[in-house]
Amino acid sequence: MNKPAEATDRFDAVVVGAGFSGLYMLYRLRRLGLSVKVFDSADDVGGTWYWNRYPGARCDIPTTDYTYSFDPELEKEWTWSEKYATQPEILDYLRFVADRYGLRADIEFATSVASAHWDEQERRWSITTDRGTRLRCRYYIMASGCLSMPKSLDIKGTERFAGEVYFTSRWPHEGVDFTGQRVAVIGTGSSGIQAIPLIARQASQLTVFQRTPNFSVPAHNGPAPAGRLTRLAQDRDEYRDAARWSPGGVPVEPTDVLGVTASESVARERFEDAWKAGQLFSILGVFADQGVNPKSNGIVAEMIREKIRSIVHDPRTADALCPTDHYFGTKRPCLDTGYFETYNLPHVRLVDLRRQPITSITEDGIDTADESFGFDAIVYATGFDAMTGAVAAVDVTGRDGLSLTEKWAAGPSTYLGLMTAGFPNFFMITGPGSPSVLSNMAVSIEQHVDWVADCLKDMRTEGFETIEPTPLAESGWDQHVRDCGAITLHPTANSWYMGANVPGKPRVFLPYIGGVAVYRQACDDVVARDYLGFRRTGPGGERCLDGVIRRMQPDVSLVLQLMAKLGLPPMETLSADEARAMMGAAAATRPPSPEVGEVTDGLMPGPAGDLPYRLYRPPSAGPHPVVVYFHGGGWVLGDLDSDDPLCRDLCVRSDTVIVSVNYRHSPEARFPAAADDAFAALRWTASHAAELGGIPGQVAVAGWSAGGNIAAVACQRARDAGGPRVSGQLLISPVTDSDMTRPSYAENGDGYVLTTPLMHWFWDYYADPADRGDPRAAPLRGNLDGLPPACVVTADFDPLRDEGLAYADALEASGAQVRRVRARGHTHTSVTMVGVVISGAPVRAEIAEALRNFFPSAP
Ligand code: NA7
């Protein structure tokens, strides 16, 4: 039997929570030879599975996957009886695990940690419990669960009700018999949806109060799927490894079918298969783009609504049960057994709180705006203060008296979801900023526990006593977590992922949505880079390699990975024609481009023959300002098609006419042909603005990459020639100089599409070395006085970044107005990948705003 902690006790580690994570943490720490005390407020192990005993409580990740994998022997000794095990079976399993490894000896039950204060002198945490015990420890680990702190009741009059009151999250151990009772259930999240069909079996009357209809798919529970069991039996290690390196912690075959392009029959077939599979990751993966693309998401959502309508007989009830206010998956979808069917029973009624909100709980029931209901029992299935609730429930104070709740007042801030700056040796298992609730928790828990245990082992080996993230590493990770969330539809929903279910909680996307595998790799990379972003101290001094582990936009790295998989030859090893063909083939696979008002192709005169152009007119009534646009491609590649998506995007966003001009290319027409054509195109467009539907006198130039180069040159030449007047120059990642020794070449010259060898290849085709200092080739070397306002866009991972910045500096020094747009986490090409790289959209919105502001009529 365990011994209660004494005031004088010192432990290496204190762990809060004896659920899935606390038990495994204890196991690992013990094996490191550390002294550990685990506290849990419950009377037994189990964590969430100890408390959530409501009827129908089951996991909704296949139980073969929702299980410990750290010990193959343990796996041999336990067989799950169903595809989705019940709460009692999972609790039995956790008890079995606790007994098998003798874990209870170090767990103090019915005891909560009340406070944890860091003592800088002692380099230890000082812990107090709700039983008044005080103790000290080197490491303080919260394994307190993501969905363990019930949300406080936020309904008027709850204390008045004289009947029985139950909470799904704190269900009586002896069970509840609702036979013959009039029962109310408030809440239709996973808990409500699981409990309602079973409560309906007993109650004489069941009334469900629904605030938000939820997406739910049938679990099709039964024996564990044979395919999964066979794969597991054949090669357990391979199977578990596949889970660890999967997007969600369950091995799945990822799809590359996009909802936006799939035929109706393919879409239907994929959906029906997922519906039959009865698995969250199947229905969440009908299309590769359903989490990020509203249209694709809408296809899946509508098919689920069709199913609901086909199950529920009463059309009004069916309608009320159909979710329409959030994208599918942006609130936690549910797996159910007979949930929607339950509403066909004569004694079950749905009350739609959107139509008739609860005004108050009364002594004998619930009053809504329209009706008074009498009940014998009310069941609250109203959810949790997710992800931060349990951590914030303890008074955690770090260095210099900084309290965790103060630090997190505007939302949690963590490094890897594992630690937070200012709180040395304080670890969170599946904390905010880690995949946690978006993944199979069992896999994510094991990964976190293993990371922490390995970290403590490394610290001991290397003689360190404390570890703590740096502010730089932490803010970098927070940014990355936000970037990952921002490209998805998640931030649009009032979900508990966003903290939106708890009144007053900051609205922040709490988990990390980059995926389990990507996340694991980031954690491993941090360790491999000598604990990048962590400061470790010990008697022998401190060590800290400061930095940010992931600076690139998540979708940009995904595109780079996909491109690497294609194994294309480096462009500079090809001939110009071969390179052009390769670019053309890539363009053919692009998603549909944005709609504009009108597109017309034409010819304009150039110095050596006609130049093809494509005009994009916005949908709004003209006339509009005009932008002469020059495509990218190193003066060698590119044409009107290559930059078509970008031109459309700029046209619609900036509400301007875009005239995209195809200038002459190298090696067929070398320097200064492209620059000459650009200036000619500017002159012709300016003098024909009215015919083109433009506003005379309101003409700007724009260009990307080499197009930015000739756009900048055209501005200098217009100034020298005394016209035309240019309203502004938009230079997107422009080539401004032929000097390739700037630091951005060293940093980004390899691995980000535009490479140093490729830039050499472009220059070699375009201009003789003797010409490369000519301001018509290297505008940075020209006279920059009297030039129009500029917007200069530079991307972090671009070899051309520094010459873009140098041009912005030089323009500013010469008195030009300059707006700088930093494409944070982008490469030379990624901002232009309209419809592919979602994180480019806000950057293009900023660019379009700058473009619009060149013109006097701009708002
Ligand atoms: P959830 O998913 O947060 O569901 C709570 C439900 O209670 C949800 O339908 C809420 O509506 C509803 N709710 C909450 N407060 C109120 C008030 N004041 N009035 C009416 N209705 C209310 O919690 P669960 O316990 O079901 O599931 C938690 C997770 O556990 C689950 O996602 C799985 O991961 C396991 P709302 O949607 O906020 O309008």
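All figures in this text were calculated on a predicted structure; none of them were measured in a lab.

*Asks:* Can you walk me through the overall build of the protein in this structure?
*Replies:* Across its full length, the protein carries 26 helices and 29 strands. Computed over the C-alpha atoms, the radius of gyration of the protein is 31 Å, within 12% of the 29 Å expected from 2.2 N^0.38 for a compact globule of 859 residues. Along the three orthogonal principal directions, the C-alpha set of the protein runs to about 90 × 75 × 50 Å. Restricting the contact set of the protein to residue pairs at least 6 apart, pairs at least 24 apart contribute 73%. In the protein, which carries 82 positive and 107 negative side-chain charges, the distance between the mean positions of the two groups comes to 2 Å.

*Asks:* Explanation requested: helix α21 (residues 673–687) in the structure shown.
*Replies:* For an α-helix, 3.6 residues make a turn, and residues three or four places apart therefore share a direction. When the terminal C-alpha atoms of α21 are compared, their 21 Å separation across 15 residues agrees well with the 21 Å that a helix rising 1.5 Å per residue should span. Burial runs high along α21: eleven of the 15 residues are buried. For α21, the complete set of buried residues consists of A673, A674, A675, D677, A678, F679, A680, A681, L682, W684 and T685.

*Asks:* In this structure, what is going on with the pattern of salt bridges? I would like to understand it.
*Replies:* Oppositely charged side chains can form a pair if their charged atoms are brought close together. Throughout the structure, instances matching the rule amount to 70 salt bridges. Between E122 and R136 there is a salt bridge, with the nearest N and O atoms lying 3.8 Å from each other. In this pair, E122 sits in the loop between β4 (113–119) and β5 (124–129) while R136 sits in strand β6 (residues 134–142), placing the two residues 14 residues apart along the sequence. R136 sits in the partly exposed class, given a relative accessible area of 23%. Here E668 makes a salt bridge to R580, at a shortest N to O gap of 2.9 Å. Of this pair, E668 sits in the loop between β25 (657–661) and α21 while R580 is found in helix α19 (residues 576–587), placing the two residues 88 residues apart along the sequence. According to the relative accessible area criterion, E668 is exposed, its value standing at 55%. Assessed through its relative accessible area of 22%, R580 is described here as partly exposed. By sharing partners, the salt bridges in this structure join R10, D119, E122, R124 and R136 into a single network.

*Asks:* For this particular structure, what's the right way to read the sheet that holds strand β16 (residues 377–380)?
*Replies:* In any sheet, the strands associate via hydrogen bonds between backbone groups, in a parallel or an antiparallel arrangement. Read from one edge to the other, the open sheet built from five strands follows the order β7-β16-β8-β9-β12, with strand pairing classed as parallel. Where the open sheet ends on each side, the last strands, each with one partner, are β7 (164–167) and β12 (348–352). Neighbouring strand axes in the sheet, compared pairwise and without regard to direction, differ in orientation by 20 degrees on average. Here five bridges tie strand β8 (residues 182–186) to strand β9 (residues 205–210), and the two strands are oriented parallel to one another. The partner of V183 across the bridge, within β9, is L206.

*Asks:* I'm lost on the nonpolar core in this one. Help?
*Replies:* Looking at soluble globular proteins, one finds that nonpolar side chains tend to be buried together. Counting 79 residues, the largest nonpolar core has F20, L29, Y68, F427 and W451 as the members making the most contacts within it. Sorting the residues of this core by element identifies β1 (10–16), α1 (20–31), β2 (36–39), α4 (87–100), β6, α15 (441–462), α16 (471–486) and α17 (516–528) as the ones contributing at least two each. Apart from the residues lying within four places of it in its own chain, the contact partners of L29 are A13, V15, L34, V36, I141 and L456. By size, the runner-up hydrophobic cluster in this structure holds 64 residues, among which are V626, A674, V726 and V818.

*Asks:* Honestly, the environment of A850 in this entry has me stumped. Any pointers?
*Replies:* Summarising the element assignment, A850 is placed in helix α26 (residues 840–853). What makes A850 buried here is its relative accessible area of 4%. Distance in space between the C-alpha atoms of A850 and Q729 is 9.8 Å, their sequence separation being 121 residues. Setting aside anything within four residues of it in sequence, one finds A850 in contact with C791 and R819.

*Asks:* Is there a simple way to think about the packing of helix α20 (residues 644–654) against α26 in this case?
*Replies:* For the pair α20 and α26, interaxial distance at closest approach is 9 Å and the crossing angle is 60 degrees. As summarised for this structure, α20 and α26 are arranged oblique, according to the angle between their axes. Between α20 and α26 lies a crossing of right-handed hand. Of the residues in α26, those touching α20 at L646, D649, L650, R653 and S654 are A841, R844, A845, I847, A848, L851 and R852.

*Asks:* When you look at the pairing of strand β20 (residues 534–538) in this model, what are you seeing that I'm missing?
*Replies:* Two faces belong to every sheet, and in a regular strand the side chains alternate between them. In terms of residue burial, β20 counts as a mostly covered element, since four of its five residues are buried. Relative to β20, strand β19 (residues 466–469) runs antiparallel, the two being bridged by four bridges. In the sheet register, E468 faces β20, and the bridge partner there is R535. Bridge count between β20 and strand β21 (residues 541–544): four bridges; the pairing is antiparallel. Within β21, the position partnered with G538 by the bridge is G541. From the end of β20 to the start of β21, which pair antiparallel, there are two residues.

*Asks:* Can you help me understand the environment of R683 in this one?
*Replies:* Its place among the elements puts R683 in helix α21. Under the relative-accessibility criterion, R683 is labelled partly exposed at 46%. Sequence spacing of R683 and A564 is 119 residues, and the spatial spacing of their C-alpha atoms is 42 Å.

*Asks:* Sorry, what's going on with the sheet that holds β20 here?
*Replies:* Spatially, β19-β20-β21 is the arrangement adopted by the three strands of the open sheet, whose pairing is antiparallel. In the strand order of this sheet, the two ends are held by β19 and β21, each with one partner. Direction aside, the axes of adjacent strands within the sheet are offset by 15 degrees on average.

*Asks:* Can you help me understand the packing of aromatic side chains in this one?
*Replies:* The description of two aromatic rings rests on the distance between their centres and on the angle between their planes. Per the stated rule, a full pass over the model turns up 51 aromatic pairs. Taking 6.0 Å as the distance between ring centres and 25 degrees as the angle between the ring planes, the aromatic pair formed by Y24 and Y27 counts as stacked. Of this pair, Y24 and Y27 both sit in helix α1, three residues apart, which is roughly one turn of the helix. Comparing Y24 with Y27 shows no difference in burial state: the two are buried. Aromatic pair Y497 and F509: ring centres 6.4 Å apart, planes at 70 degrees, arrangement edge-to-face. Of the two residues, Y497 sits in the loop between α16 and α17 while F509 sits in the loop between α16 and α17, which places them twelve residues apart along the sequence. Accessibility expressed as a relative area gives 3% for Y497, which makes it buried.

*Asks:* Where do I start with the site of the ligand in this structure?
*Replies:* For the ligand, the set of nearby residues contains 20 residues, the closest of which are K151, D154, S191, T212 and K331. A distance of 2.9 Å is found between an oxygen atom of the ligand and a backbone nitrogen or oxygen belonging to T188. If the ligand stood free it would expose 770 Å²; the protein chains cover 88% of that surface.

*Asks:* Quick question: what am I supposed to make of α17 here?
*Replies:* Along its 13 residues, α17 runs 18 Å from first to last C-alpha, staying within 8% of the 18 Å computed at 1.5 Å per residue. Of the residues making up α17, those classed as buried are V516, A517, Y519, R520, A522, C523 and V526. Against the buried residues of α17 lie α7 (236–244), α15, α16 and β20. Immediately beyond the C-terminal end of α17, within one or two residues, lies D530, with a positive phi of roughly 55 degrees.

*Asks:* Can you help me understand a nonpolar patch on the surface in this one?
*Replies:* A surface patch of nonpolar side chains, about 190 Å² in accessible area, is lined by L153, V165 and F167. With respect to the helices, strands and loops of the structure, L153 is situated in the loop between β6 and β7.

*Asks:* Could you clarify how one ought to interpret the pairing of β5 in this entry?
*Replies:* Burial within β5 is extensive, with six of its six residues counted as buried. On β5, burial covers both faces: R124, S126 and T128 on one face and W125, I127 and T129 on the other are all buried. Where β4 and β5 come together, six bridges link them in antiparallel fashion. Bridge pairing in β5 places S115 opposite T128. Between β4 and β5, which follow one another and run antiparallel, lie four residues, and R123 among them has a positive phi close to 55 degrees.

*Asks:* It is not clear to me how the packing of helix α8 (residues 264–277) against helix α10 (residues 294–311) should be interpreted in this structure. Could you clarify?
*Replies:* When two helices pack together, their arrangement is given by the angle between their axes and by how far apart the axes lie. Running from N to C, α8 and α10 point in directions that differ by 60 degrees, and their axes come no closer than 11 Å. Between α8 and α10, the angle is such that the two are oblique. Between α8 and α10 the crossing geometry is right-handed. When α8 is examined against α10, the residues A267, R268, F271, E272 and W275 are found in contact with a partner set consisting of I299, V300, M303, I304, E306, K307 and I311. Grouping the constituent residues of the contact of α8 with α10 by class yields eight nonpolar, no polar and four charged.

Cut-offs applied
Residues numbered from 1 in each chain as written. Predicted model: local features only at pLDDT ≥ 70, side-chain atom pairs only at ≥ 80, totals over all residues. Heavy atoms only, no water. Helix = DSSP H or I, 4+ residues; strand = E, 2+ residues; numbered from the N terminus. Rg over C-alpha atoms; globule rule 2.2 N^0.38 Å. Contact = heavy atoms within 4.5 Å. Lys, Arg positive; Asp, Glu negative; His and termini not counted. Charge placed at Lys NZ, Arg CZ, Asp CG, Glu CD. Expected span 1.5 Å × (residues − 1). Buried < 20%, exposed > 50% of the residue type's maximum accessible area, 1.4 Å probe, protein only. Salt bridge = Lys/Arg side-chain N within 4 Å of Asp/Glu carboxyl O. Pairing = 2+ DSSP bridges. Axes fitted to C-alpha atoms, helices over the stretch in contact; angles between N-to-C directions. Core = buried A, V, L, I, M, F, W, Y, C linked by side-chain atoms within 4.5 Å. Parallel < 35°, antiparallel > 145°, perpendicular 65-115°, else oblique. Left-handed = near helix turned anticlockwise from the far one by under 90°. Phe/Tyr/Trp six-rings, centres within 6.5 Å; stacked < 30°, edge-to-face > 60°. Near = heavy atom within 4 Å. Polar contact = N/O pair within 3.5 Å; in protein donor to acceptor, adjacent residues only side chain to side chain. Areas by Shrake-Rupley, 256 points an atom, 1.4 Å probe, with all protein chains shown as cover. Patch = residues over 30% accessible without salt bridge, like charges linked within 9 Å, V, L, I, M, F, W, Y side chains within 5 Å. Nonpolar A, V, L, I, M, F, W, Y, C, P; charged D, E, K, R; others polar.

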